Amino acid sequence: MFKKLFILFIMIVLSIQNVGSIANYIYEPSCINPSYDSAGVFLVTSSNVSGYVRSVGVNEAGYFSPSTTRMHSTIRVLCTVSDPTTTPTYPGTRRIFGSTYYGDIFWTDSPDVNYSLGFYSEGYFGDCAVGGNCNPLYKIGTFASTAYPIKLTLDSSGNVYASDGYNIKKFVKSLGYTQQAFVTLVNGVSAKVSVGCTIGGGIIDLQVDSSDNLHVLGGSYCTGGGPGTSYLYKDTFDSSGNLIHANLTIDSDNGVGGSGFYTGGLVLDPTGNATFNYTYAYEKGSTGVNAIYHNSTTGKADVGGGALGGVASVEDIAYYNYQIFVASSASNVVQSFVTTYQGYIPTAGTTTVPATNTYTTATVNSLNSNYYNNSNFFLQYYVVGQTNAIRELDTFQTWAIYGTSISKHYKWKIELVDPAGVAIDSRFSGGCDLNVLNTECTIGGTLEYPVPTTNWTNGTWTANLYEYNIDTYTLAILDTSTFTVYFNSTTPIPEPQETLESGTGTTALSIIDGWVGLLGLGVNSISKFLFGMLITLSVMFFGFIATKFNSMGGAIAGALPYTFFVFVEFFPIWTVIIVVMVIALRTGWFK
């Protein structure tokens, strides 16, 4: 009996530890970075016998979707990061930098694959025979040290920084990724080695802020002897490698060989000075206890609630939507933990350029100008665009579209930005199904954002609408709008219910559009015309029957739905002219 009660007690404790956290199961995740194609998309590296790279979207609740392998290598890959500054040679690919177990630093242009189609064979890097993935790996450097981990980050110019023990190497993009020595951490100045034991240690994580300052999380540990004391520390360097600030005693660990700080991760705050405002995670070697803390000028605060339930190791962390995501290779999981702090989300990695296409309408707006902070948000976007395409005869003497066709190259991005200027969500519309005879695109929709656990931040929010080139990753701003969020502790404002009293009401039109869709022709001008004509003729027929086939009675009956459909623009104006002419001929006005 006592044993059963004890097991029940342990289960309750474990369930309490995991409150507010979500597990995304990925085999041996060793690194997690933004993939830069939109906010809320991570590039996860799984370091097992081979190196797997996954691109996963993260929804507001913290779930990955989809969680699928983008590609893998026969070489064990430790960490990867997507390059937001480079347009690869071939459209539809993305440049990725990586580090391997053997100390190699490489880049490759990876296929940007939609796995929801279900037919892509991933294959290996550089091996066409195995699975068809012929993407070569371009090695740009090899480190003498193979100490785990080797972390990577990029600055706004596309230069790559990699950790190598206590050294940081820089690969200069403008020089063809030529390797340069950037910084070596110095004990007592920018590093603090263990004392009283056989020492080891190095850099745990690297991050670059919006000013291109490089932030370093480092740690020392005891490889033997002791007891000794090890340290966790953080440095800030400017883009030239000058030390701006060092905190050498963030935390310490005491014990015999094996104590200290081996792995972890760093996330920078978007507001304030990232030198002093950041979130960090680590595994303490003497106890095996993992933790997440937020540091500020007022001190440190516990984010993970003590030991991280469900996480047996910490290889890296990332931030999205008030959640810290922890990669744990020992637990085969990426676990999220809710926080009230914000993290720095790098830009989407796309260059802003003038719009390529001509638009008659391109708008994004909130349904309400004001919200309480516990209400759902609703954003509407609507785009009507004309391509700059050219109709020409191709080699098969059939008409084809050349040039900048919207259907092949463009989507539209809707971005939600909080009062601190952080893009907390980005959504992409679908493409347009165009043809030679119809080069105009009409697309739109309503996005609903449920209330997050910590509610919405009070202040002015912004919605942005972009034209997005899927080949070059360039953005063109089309429209922006703002709305305000106010604090309120009561229940959310209920959504209003619209009656069918007005045919032009959005509720009425959405219901009628649903009926139109039953024709199986989609919801477009032609299907609406056919639907309206079918209803009009049906009512006219019943009018004939009710009046014993009196032509005027049937016409009057059919005029009622006809007038309604003209009013809500199901019938184009030219049909009105034809009907008037038919009535005039029928009544002999022209005699």
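Residues numbered from 1 in each chain as written. Predicted model: local features only at pLDDT ≥ 70, side-chain atom pairs only at ≥ 80, totals over all residues. Heavy atoms only, no water.

The subject of this paragraph is the state of the cysteines. Taken as a whole and judged by the stated rule, the model has 2 disulfides. Paired by a disulfide, Cys31 and Cys79 hold their sulfur atoms 1.9 Å apart. Of the two residues, Cys31 is situated in strand 2 (residues 29–34) and Cys79 in strand 6 (residues 77–82); the sequence distance between them amounts to 48 residues. Judged by relative accessible area, which is 1%, Cys79 ranks as buried. A sulfur-sulfur separation of 2.1 Å characterises the disulfide bridge that pairs Cys197 with Cys222. With the S-S dihedral at roughly -70°, the linkage between Cys197 and Cys222 falls on the left-handed side. Of this pair, Cys197 sits in the loop between strand 13 (178–184) and strand 14 (198–208) while Cys222 sits in strand 15 (residues 214–224), placing them 25 residues apart in sequence. (Disulfide = S-S within 2.5 Å. Helix = DSSP H or I, 4+ residues; strand = E, 2+ residues; numbered from the N terminus. Buried < 20%, exposed > 50% of the residue type's maximum accessible area, 1.4 Å probe, protein only.)

What follows concerns the sheet that holds strand 33 (residues 459–469). One open sheet holds the 5 strands; their spatial order is 26-34-33-30-31, and the pairing between them is mixed. Sheet topology places strand 26 (370–372) and strand 31 (423–428) at the edges, where each strand pairs with a single neighbour. Ignoring which end each strand starts from, the neighbouring axes of this sheet average 25° apart. As paired elements, strand 33 and strand 34 (residues 475–486) share 10 bridges and run antiparallel to each other. Bridging from a neighbouring strand, Thr460 pairs with Thr484 of strand 34. (Pairing = 2+ DSSP bridges. Axes fitted to C-alpha atoms, helices over the stretch in contact; angles between N-to-C directions.)

Below, the discussion takes up the environment of Gly299. You can see Gly299 is positioned in strand 21 (residues 299–302). Remark: the alpha-carbon pair of Gly299 and Phe276, spanning 23 residues in sequence, is separated by 9.5 Å.

Counting residues in each nonpolar core, the largest one holds 26 residues, and the members touching the most others are Phe377, Trp412, Leu416, Trp461, Leu465 and Phe483. When residues of this core are traced back to their parent elements, those giving at least two are strand 25 (358–366), strand 27 (377–386), strand 30 (410–417), strand 32 (440–449), strand 33 and strand 34. Counting residues per element, this core draws most heavily on strand 27, which supplies 5 residues. If you look at the next biggest cluster of nonpolar residues, it comprises 15 residues, including Leu78, Phe143, Leu154 and Phe171. (Core = buried A, V, L, I, M, F, W, Y, C linked by side-chain atoms within 4.5 Å.)

Another aspect to go through is the sheet that holds strand 17 (residues 243–255). Spatial strand order, 14-15-16-17: 4 strands in an open sheet with antiparallel pairing. Strand pairing shows two members of the sheet lacking a second neighbour, strand 14 and strand 17, which therefore form its edges. Sheet twist, expressed as the mean angle between neighbouring strand axes with direction ignored, is 20°.

Turning to the pattern of salt bridges, a few remarks are in order. Under the counting rule described, the total for this entry stands at 7 salt bridges. Members of the salt-bridge network, linked through shared partners, are Lys151, Asp205 and Asp316. (Salt bridge = Lys/Arg side-chain N within 4 Å of Asp/Glu carboxyl O.)

Inspection of the entire model under this criterion finds 22 aromatic pairs. Ring geometry for Trp107 versus Tyr138: centroids 4.3 Å apart, planes at 20°, classification stacked. With a gap of 31 residues between them, Trp107 in strand 8 (residues 104–111) and Tyr138 in strand 9 (residues 138–142) connect regions that are remote in the sequence. Here Tyr138 falls in the partly exposed class, since its relative accessible area comes to 40%. Centroid distance Phe377 to Trp456: 4.0 Å. Interplanar angle 20°. Geometry classified as stacked. Separated by 79 residues along the polypeptide, Phe377 in strand 27 and Trp456 in the loop between strand 32 and strand 33 bring together distant segments of the chain. By relative accessible area, which is 0% here, Phe377 ends up buried. (Phe/Tyr/Trp six-rings, centres within 6.5 Å; stacked < 30°, edge-to-face > 60°.)

All right, on to the confidence of the model for the chain then. Of the residues in the chain, 72% reach a pLDDT of 70 or more, and the chain-wide mean stands at 77. This model gives residues 1–19 a pLDDT under 50, and the stretch forms 4 contacts once residues within four places in sequence are excluded. (pLDDT = per-residue confidence, 0-100. Contact = heavy atoms within 4.5 Å.)

This paragraph deals with a nonpolar patch on the surface. Together, Phe541, Phe542, Ile545 and Phe549 make up an exposed nonpolar region whose accessible area comes to about 480 Å². With respect to the element layout, Ile545 can be found in helix 5 (residues 525–546). Classification of Ile545 as partly exposed rests on a relative accessible area of 41%. (Patch = residues over 30% accessible without salt bridge, like charges linked within 9 Å, V, L, I, M, F, W, Y side chains within 5 Å. Areas by Shrake-Rupley, 256 points an atom, 1.4 Å probe, with all protein chains shown as cover.)

Let's shift gears to empty space enclosed by the protein. A probe as big as a water molecule, rolled over the atoms, marks out the empty space that is left. Summed over the entire model, instances satisfying the criterion amount to 1 cavity of 30 Å³ or more. What the largest cavity holds in volume is close to 50 Å³. Around the largest cavity, the lining residues are Glu60, Tyr320, Asn321, Leu416, Ile424, Asp425, Tyr449, Pro450, Pro452 and Trp456. Classifying every residue of the lining of the largest cavity gives 7 nonpolar, 1 polar and 2 charged. (1 Å grid on protein atoms, 1.4 Å probe; cavity = no way out; pocket = protein on both sides within 12 Å on 5 of 7 lines; lining within 4 Å. Points joined across faces, edges and corners; volume = space filled by probe spheres on them. Nonpolar A, V, L, I, M, F, W, Y, C, P; charged D, E, K, R; others polar.)

Here we take up the pairing of strand 19 (residues 278–284). Remember that side chains alternate between the two faces of the sheet whenever the strand is regular. The buried fraction of strand 19 is high, at 6 of 7 residues. For strand 18 (residues 261–268) and strand 19, the ladder comprises 6 bridges, and the chain directions are antiparallel. Residue pairing for strand 19: Gly264 is matched across the bridge by Tyr282. One ladder, built from 6 bridges, connects strand 19 with strand 20 (residues 290–296); its direction is antiparallel. Each bridged residue has a counterpart across the sheet, and for Ala281 the counterpart in strand 20 is Ile292. Between strand 19 and strand 20, which pair antiparallel one after the other, the connecting turn spans 5 residues, and Gly288 there sits at a positive phi close to 75°.

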